[in-house]
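Topology and contacts: notes
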Amino acid sequence: MSIDDLKKESIPFKIFNMALILIFTYIVIQSWIDTEMSFKGLYDGWGYMVEYMQGNPEIEGSSYFPPNTNTRDLTVYFWAMVETVQMAIIALLLSVILAVPLSYITSRNILLILVPGKTAFHEILRRALYGFGTFIANIFRSVNELVWALIFVSAVGLGPMAGILALGIHTAGVLSKLLSEGNEAIDPGPVEALTSSGAGFIKILAYAVVPQTMPHFISMVLYRFESDVRSASILGFVGAGGIGFYLFDKLRGFENGDVCTILILIIITVWILDKISAIIRKRFI
């Protein structure tokens, strides 16, 4: 490539790039207007927010500060938080079981390993598997956890099981997308070497795909676990167990001292999990 060609490629002010910038700018401005976003509104409402957090002096416990430090209540909230983490753990296990096969059939390069062949039948089969996997994954992640929780509460009743199923389904959809992107970014060299030696798809996956995708897999699973803990914290709003049940109950009762205690507990838990995740990432990635 000549110097002139390099100069042309490095020029940012191309018609296509400028058109994209203009379109993006228009979308942002129009969205800002249509959604009635306003820094002035936030500034004007700041006093009301502070007043809400200060609570009513005549109503005990209506202020966020100081948080409730009653030992009996702290014990209840602690075990509810433990239940929330347990929900996230089981949900993560279910999501991984669903997401791994979904990520394989939604990765075009992995499909070539699973369904080798260049005939019309093989091509149609690969497209069918890809379309089916993408459709299922899109359904799983497009529906919010709260909506899934409402659906499963109607099926299995109130309690942690509904929350686990809701988190597991939604996370499976998100995780399958994240993992498929990692699958499609692998180096094809080891795959081609094993394929040319006549190895079956199980050996190719075990020795050429998994070793390359494992760091990405661990990183994404840990990320989703942290997200699941945060999500599980509000599933109690619809009766799906965990600390969210108490959070919703105290919010409705304007017992804001308890709300503050629960929020602090959630923040501390997520912080601890983040530190543990960092240690695991440092060890395996």
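First, a word on what this report is: a plain description of the structure on this page. (Residues numbered from 1 in each chain as written. Predicted model: local features only at pLDDT ≥ 70, side-chain atom pairs only at ≥ 80, totals over all residues. Heavy atoms only, no water.)

**Here we look at the nonpolar core**
Among the nonpolar cores identified, the biggest contains 26 residues, and M81, L175, F225, V229, I243, I262 and I266 are the most heavily contacted of them. Mapped by element, the contributors of at least two residues to this core are α4 (71–105), α8 (160–183), α10 (201–235), α11 (243–252) and α12 (256–284). The biggest single contributor to this core is α4, with eight residues. Not counting chain neighbours up to four residues away, the residues in contact with I266 comprise M81, S233, I243 and L247. If you look at the next biggest cluster of nonpolar residues, it comprises 20 residues, including I164, L167, I169 and L235. (Core = buried A, V, L, I, M, F, W, Y, C linked by side-chain atoms within 4.5 Å. Buried < 20%, exposed > 50% of the residue type's maximum accessible area, 1.4 Å probe, protein only. Helix = DSSP H or I, 4+ residues; strand = E, 2+ residues; numbered from the N terminus. Contact = heavy atoms within 4.5 Å.)

**Structural notes on the packing of α4 against α8**
Between α4 and α8, the shortest axis-to-axis distance is 6 Å and the interhelical angle comes to 40 degrees. With respect to α8, the element α4 is oriented oblique. Two packed elements cross with a definite hand, and for α4 against α8 that hand is right-handed. Here the residues of the contact of α4 with α8 are counted per class, giving 19 nonpolar, eight polar and one charged. (Axes fitted to C-alpha atoms, helices over the stretch in contact; angles between N-to-C directions. Parallel < 35°, antiparallel > 145°, perpendicular 65-115°, else oblique. Left-handed = near helix turned anticlockwise from the far one by under 90°. Nonpolar A, V, L, I, M, F, W, Y, C, P; charged D, E, K, R; others polar.)

**Regarding the pattern of salt bridges**
For the structure on display, the rule yields seven salt bridges. Note that E123 and R126 form a salt bridge whose closest N and O atoms lie 3.2 Å from each other. Of the two residues, E123 and R126 are both situated in helix α6 (residues 120–142); the distance of three residues between them amounts to about one turn of the helix. Its relative accessible area of 33% is what places E123 among the partly exposed residues. (Salt bridge = Lys/Arg side-chain N within 4 Å of Asp/Glu carboxyl O.)

**Some points on the layout of surface pockets**
Counted as a void, the largest pocket has a volume near 390 Å³. Forming the boundary of the largest pocket are 18 residues, of which N109, L112, I113, V191 and T195 lie nearest the centre. Mapped onto the lining of the largest pocket, the elements with two or more residues apiece are α5 (108–114), α9 (188–196) and α10. Here the lining of the largest pocket is built from residues that sort into 11 nonpolar, four polar and three charged. (1 Å grid on protein atoms, 1.4 Å probe; cavity = no way out; pocket = protein on both sides within 12 Å on 5 of 7 lines; lining within 4 Å. Points joined across faces, edges and corners; volume = space filled by probe spheres on them.)

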